[in-house]
Amino acid sequence: MEQEILTDWIDEYSESILTYILLMVRDYQQAEDLTQETFIKAYKNQQQFEQRATVKTWLFSIAHNVTKDYFRKKHPLQHYFGLTLAERDNQPIPEQIVAMNFQTEQLYRAIQQLKPAFRHVIILRKLKEFSTTETALVLNWSESKVKMTLKRALIDLKEELVKGGITNEIFR
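These numbers come from a predicted model, not from an experiment.

K.L.:
Before we go on, may I ask you to explain the packing of helix H8 (residues 132–139) against helix H9 (residues 143–163) in this structure?
P.N.:
Helix packing for two helices is described by the angle between their axes and how far apart those axes are. Contact geometry of H8 with H9 gives a least axis separation of 8 Å together with a crossing angle of 100 degrees. One element, H8, and the other, H9, form an angle in the roughly perpendicular class. On the side of H8, the interface is formed by Thr132, Thr133, Thr135 and Ala136, while H9 contributes Glu143, Val146 and Lys147.

K.L.:
Help me understand the packing of helix H7 (residues 116–127) against H8 in this model?
P.N.:
Closest axis-to-axis distance for the H7/H8 pair is 10 Å, and the angle between their directions is 140 degrees. Between H7 and H8, the angle is such that the two are oblique. In this structure, H7 crosses over H8, and the sense of that crossing is right-handed. Contact with H7, carried on its side by His120, Val121, Leu124 and Arg125, involves Thr132, Thr135, Val138 and Leu139 of H8 and no other residues of that element. Across the contact of H7 with H8, the residue classes break down as four nonpolar, three polar and one charged.

K.L.:
Help me out: how do you make sense of the packing of aromatic side chains in this one?
P.N.:
Centre-to-centre distance and the angle between the planes together describe a pair of aromatic rings. A complete count under the given rule lists five aromatic pairs for this structure. Here the aromatic residues Trp9, Phe49 and Trp58 are joined through ring pairs into a cluster of three or more.

K.L.:
Honestly, the pattern of salt bridges in this entry has me stumped. Any pointers?
P.N.:
Per the stated rule, a full pass over the model turns up one salt bridge. Ionic pairing is found between Glu160 and Lys163, a salt bridge with its closest N-O pair at 3.1 Å. Linking Glu160 with Lys163, this pair stays in helix H9, spanning three residues, or about one helical turn. Taking the relative accessible area as the measure of exposure, Lys163 reaches 64% and is therefore exposed.

K.L.:
Explain a negative patch on the surface to me, please; I cannot follow it from the model alone.
P.N.:
Where like charges cluster on the molecular surface, the negative patch consists of Glu4, Asp8, Asp11 and Glu12. The residue Glu12 is located in helix H1 (residues 2–25) in this model. In this structure Glu12 comes out as exposed when scored by relative accessible area, which is 57%.

K.L.:
Please explain the side chain of Thr38 as it appears in this structure.
P.N.:
In this structure, Thr38 sits in helix H2 (residues 28–44). One polar contact links the side chain of Thr38 to the main-chain carbonyl oxygen of Leu34, over a distance of 2.8 Å. Contacts of Thr38, omitting those with residues within four sequence positions, involve Ile17, Ile21, Leu59, Ile62, Ala63 and Val66.

K.L.:
What am I meant to see in the environment of Leu127 here?
P.N.:
Residue placement: Leu127 occurs in helix H7. Classification of Leu127 as partly exposed rests on a relative accessible area of 29%. A sequence separation of 108 residues divides Leu127 from Thr19, and the C-alpha atoms of the two residues are 10.0 Å apart. Those residues in contact with Leu127 that lie beyond four places of it in its chain are Leu23, Tyr108, Ile111 and Ile122.

K.L.:
Which parts of the structure should I look at to understand the environment of Ala53?
P.N.:
You can see Ala53 is positioned in the loop between H2 and helix H3 (55–74). Expressed as a C-alpha distance, the spacing of Ala53 and Val138, which sit 85 residues apart in the sequence, is 9.5 Å.

K.L.:
What should I look at first to understand the environment of Ala153 in this one?
P.N.:
Note that Ala153 resides in helix H9. On the basis of relative accessibility, which here comes to 0%, the residue Ala153 falls in the buried class. Considering only alpha carbons, one finds Ala153 and Arg119, 34 residues apart in sequence, at a separation of 7.5 Å. The residues contacting Ala153, other than those within four sequence positions of it, are Leu114, Phe118, Val121 and Ile122.

Conventions used here
Residues numbered from 1 in each chain as written. Predicted model: local features only at pLDDT ≥ 70, side-chain atom pairs only at ≥ 80, totals over all residues. Heavy atoms only, no water. Axes fitted to C-alpha atoms, helices over the stretch in contact; angles between N-to-C directions. Helix = DSSP H or I, 4+ residues; strand = E, 2+ residues; numbered from the N terminus. Parallel < 35°, antiparallel > 145°, perpendicular 65-115°, else oblique. Contact = heavy atoms within 4.5 Å. Left-handed = near helix turned anticlockwise from the far one by under 90°. Nonpolar A, V, L, I, M, F, W, Y, C, P; charged D, E, K, R; others polar. Phe/Tyr/Trp six-rings, centres within 6.5 Å; stacked < 30°, edge-to-face > 60°. Salt bridge = Lys/Arg side-chain N within 4 Å of Asp/Glu carboxyl O. Buried < 20%, exposed > 50% of the residue type's maximum accessible area, 1.4 Å probe, protein only. Patch = residues over 30% accessible without salt bridge, like charges linked within 9 Å, V, L, I, M, F, W, Y side chains within 5 Å. Areas by Shrake-Rupley, 256 points an atom, 1.4 Å probe, with all protein chains shown as cover. Lys, Arg positive; Asp, Glu negative; His and termini not counted. Charge placed at Lys NZ, Arg CZ, Asp CG, Glu CD. Polar contact = N/O pair within 3.5 Å; in protein donor to acceptor, adjacent residues only side chain to side chain.

As structure tokens, then:
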């Protein structure tokens, strides 16, 4: 029975979690590994799922923590100073990026330029369409922090897009 639940979770959420992690680590193979680790942790800890949130929110919380742990282990000093997610990875990402149109690609590039907190909140709220409450649960923040961070993140994102040559027509 427990394995059937895991299979259902993987079928329903693996692609979404993979893209979330991919936006953070910018390495497809590593994103796949971290996605797999997310589901392994979920399987091992499913008895701890208290159903205070949805399964989706709980799985994204695990994915968020697995990704943070990956960066903490990969670059402990950079993580401590908040620099880890600012690193560059010029490796091309698979077919999803190839299929994007110019504006979508520019949007993703601009998101990568944002500081980690801004990136997390934009990805969860705007790209993954989590509610404020769900985002707060995933990030372990208050709802007011989610709202304020999103407001500031969108301002910075707009500035990054304008710097990258995207005109104001995208913001209408």
